[in-house]
Amino acid sequence: MATMLSFTSPTTRAAHSSLLPLNFPAQTAPKLAFHRIPNSSSLIFPPISLRPLPKFRADKVRRHQSVVVSALSKLSEAASVAVPPETDAISDVFPSSSGVYAVYDGSDELQFIGISRNIAASVAVHRKSVPQLCSSVKIGVVDDPDRAALTQAWKTWMEEHIAATGKVPLGNESGNNTWVRQPPRKKADLRLTPGRQMKLTVSLEDLIDRLVKETKVVAFIKGSRSAPQCGFSQRVVGILESVGVDYESVDVLDEQYNPGLRETLKKYSNWPTFPQIFVNGELVGGCDILSSMYEKGELADLFKN
Amino acid sequence: MGVSKEQVESSLTAKLSPSHLEVVDVSAGCGAKFTVEIVSEQFEGKRLLERHRMVNAALAEELKEIHALSITKAVTPSQWEQQQASEKTQAAA
């Protein structure tokens, strides 16, 4: 503390002296003085604005720290921080630490209480998905990012809000998915047969034929769609996911439920390799063709009809 | 036993008489994975799927040994010229 004061005092003296038109030409002196005036508050709190100690450099850090203390005890006492409209600015205002946060809309109505391991990122996501509901946010940093600690902080705030208003925040009501990012549920891979121990009454060719004709998009891949076991299959799954088309996948390596599929499919489609992508009953091709169509932007058309 | 780059090239040359052909063994010489870039007049008026089928058919024998064949380009000479030209202008830009 002593060093800090001794360091800052000459600076403040300099700032102070510039208020006096000592050696300055008459025109520049008032200008300089004018710019200095806001800083003159630094005379009262010199360390904050003049000493760039890492610990104190961002006064937001201080604010967060003070928020932590009050927030974890009470929601009503946490400072309300306006959400900046620019996504980039959100990380300047909110910390990327873990904790509990409460989102308020423009009329200061509590919309949602959530927990996050990166508050700034979560606020940015909410702001992007439901900007009209994200006016300001109260946060409570939880230093221990343990799930139980986070949940406890969340419970504390929820209970406080419910006790005060008798209501659960709208966004926290069950069935409300406004705030929860639902990861798109990955479909299960299709199985062509009930299992290799069962005798088929129709041929595998017929099963393939019916599947590709009755389903708009089918991808025969190596491995499951959630864990493809070959780079080409992985790429195909990635492309289909990024295009966002609804498709079925069949794991040609699944010998339990798709026994003999690889050889039969190669003959059926007259195509020697996997993956194979069918659209409206027709083979589009493998990874190379799909990639090339994807790069040329031709896939949207392909999936339209 | 894998397939040599030369085998792939000679089969493709014999069956598709390409005006440009580039075969790369991407399996570090063990002959299991290849990428093929091929330009042929025989691709004229054919869809990409059919062109790939032609390449696959030309390599039917080799494919029994090859684990992965990636056809990066299967174009007609005129498409090839266009692509080369646009690549050049892009490089110049």
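Residue positions are given per chain, counted from 1 along the sequence in the order it is written. All chains are assigned letters beginning at A, and all ligands numbers beginning at 1, according to the order in which they are written. Per-residue local features are limited, in this predicted model, to residues with pLDDT of at least 70; the limit for side-chain atom pairs, both in listing and counting, is 80 or more; totals at the level of whole chains, interfaces and linings are taken over all residues. With hydrogens and water stripped out, all remaining heavy atoms of the structure feed into the side-chain values.

Looking at an unreviewed UniProt entry, chain B carries the name OLC1v1008799C1, with the source organism given as Oldenlandia corymbosa var. corymbosa. UniProt positions are given in the numbering used here, feature names are shortened, and annotations may be inferred rather than shown by experiment. Taken verbatim from the UniProt record of chain B, the Sequence similarities (unreviewed entry) comment is "Belongs to the BolA/IbaG family."

Looking up chain A in an unreviewed UniProt entry gives the name OLC1v1033643C1, with the organism given as Oldenlandia corymbosa var. corymbosa. Checking UniProt for chain A, the heading Sequence similarities (unreviewed entry) contains the comment "Belongs to the glutaredoxin family. CGFS subfamily."

Before going further, it helps to examine the sheet that holds strand β1 (residues 20-25) of chain B. All names here are of chain B. Two strands pair under a simple rule: DSSP has to find at least two bridges between them. Secondary structure counts use DSSP, requiring at least four H or I residues in a row for a helix and at least two E residues in a row for a strand, with both numbered from the N terminus. The 3 strands lie next to each other as β1-β2-β3, forming an open sheet whose pairing is mixed. The sheet is open, and its two edges are formed by β1 and β3 (68-75), each paired on a single side. Taking the axes of each pair of neighbouring strands and ignoring which way they run, one obtains an average angle of 10 degrees across the sheet. Two strands pair when backbone bridges link them, and strand β2 (residues 33-39) and β3 are joined in this way by 7 bridges, in the parallel orientation. In the sheet register, Val36 faces β3, and the bridge partner there is Ile71. Axis definition: a line fit to C-alpha positions, over the contact stretch in the case of helices; interaxial angles, taken between N-to-C directions, run 0 to 180 degrees.

On to the packing of aromatic side chains, then. All names here are of chain A. Aromatic rings from Phe, Tyr and Trp, taking only the six-membered ring of Trp, are treated as a pair when their centres fall within 6.5 Å; an angle between ring planes under 30 degrees marks them as stacked, one over 60 as edge-to-face, and anything in between as tilted. Inspection of every chain in the model, using the stated rule, returns 4 aromatic pairs over all chains. Geometrically, the ring pair formed by Phe112 and Trp179 is stacked, given 5.1 Å between the ring centres and 5 degrees between the ring planes. Taken together, the residues span a long stretch of sequence, with Phe112 in strand β3 (residues 110-116) and Trp179 in the loop between α8 (147-165) and α9 (204-214) at a distance of 67 residues. Like Trp179, Phe112 is buried. In this scheme, a residue with accessible area under 20% of its type's maximum is buried, one over 50% is exposed, and one in between is partly exposed, where area comes from a 1.4 Å probe on protein chains only.

On to the sheet that holds strand β6 (residues 248-251) of chain A. Residue and element names in this part refer to chain A. Pairing within the open sheet is mixed, and its 4 strands lie in the order β6-β5-β7-β8. Looking at which strands have only one partner, the edges of the open sheet turn out to be β6 and β8 (282-285). Across the sheet, the mean angle from the axis of one strand to that of its neighbour is 25 degrees, orientation sign disregarded. Pairing geometry for strand β5 (residues 217-221) and β6, over 4 bridges, is parallel. The residue bridging Ile221 from the neighbouring strand is Asp251, located in β6. The criterion used for residue contact is that any of the two residues' heavy atoms lie within 4.5 Å. Across the face of the sheet, helix α10 (residues 231-243) comes into contact with β5 and β7 (276-279) while running at roughly 155 degrees to β5.

Tallying the contact residues gives 11 residues for chain B and 12 residues for chain A. Two parts placed together each lose some accessible area under a 1.4 Å probe, and adding up what both lose gives the buried area. Contact between chain B and chain A buries roughly 980 Å² in total, counting both sides, with carbon and sulfur atoms accounting for 60%. Ranking the residues of chain B by area buried against chain A places B:Leu48, B:Leu49 and B:Arg53 at the top, with a combined share of 44%. Criterion for a salt bridge: a side-chain nitrogen of Lys or Arg within 4 Å of a carboxyl oxygen of Asp or Glu. For A:Glu282, the salt bridge goes to B:Arg47, with nearest N and O atoms at 3.6 Å. Counting residues per element, the side of chain B that touches chain A draws most heavily on helix α2 (residues 48-58) of chain B, at 5 residues. Its residues placed into classes, the side of chain B that touches chain A shows 6 nonpolar, 3 polar and 2 charged. Nonpolar residues are Ala, Val, Leu, Ile, Met, Phe, Trp, Tyr, Cys and Pro. Charged residues are Asp, Glu, Lys and Arg, and all others, Gly as well, are polar.

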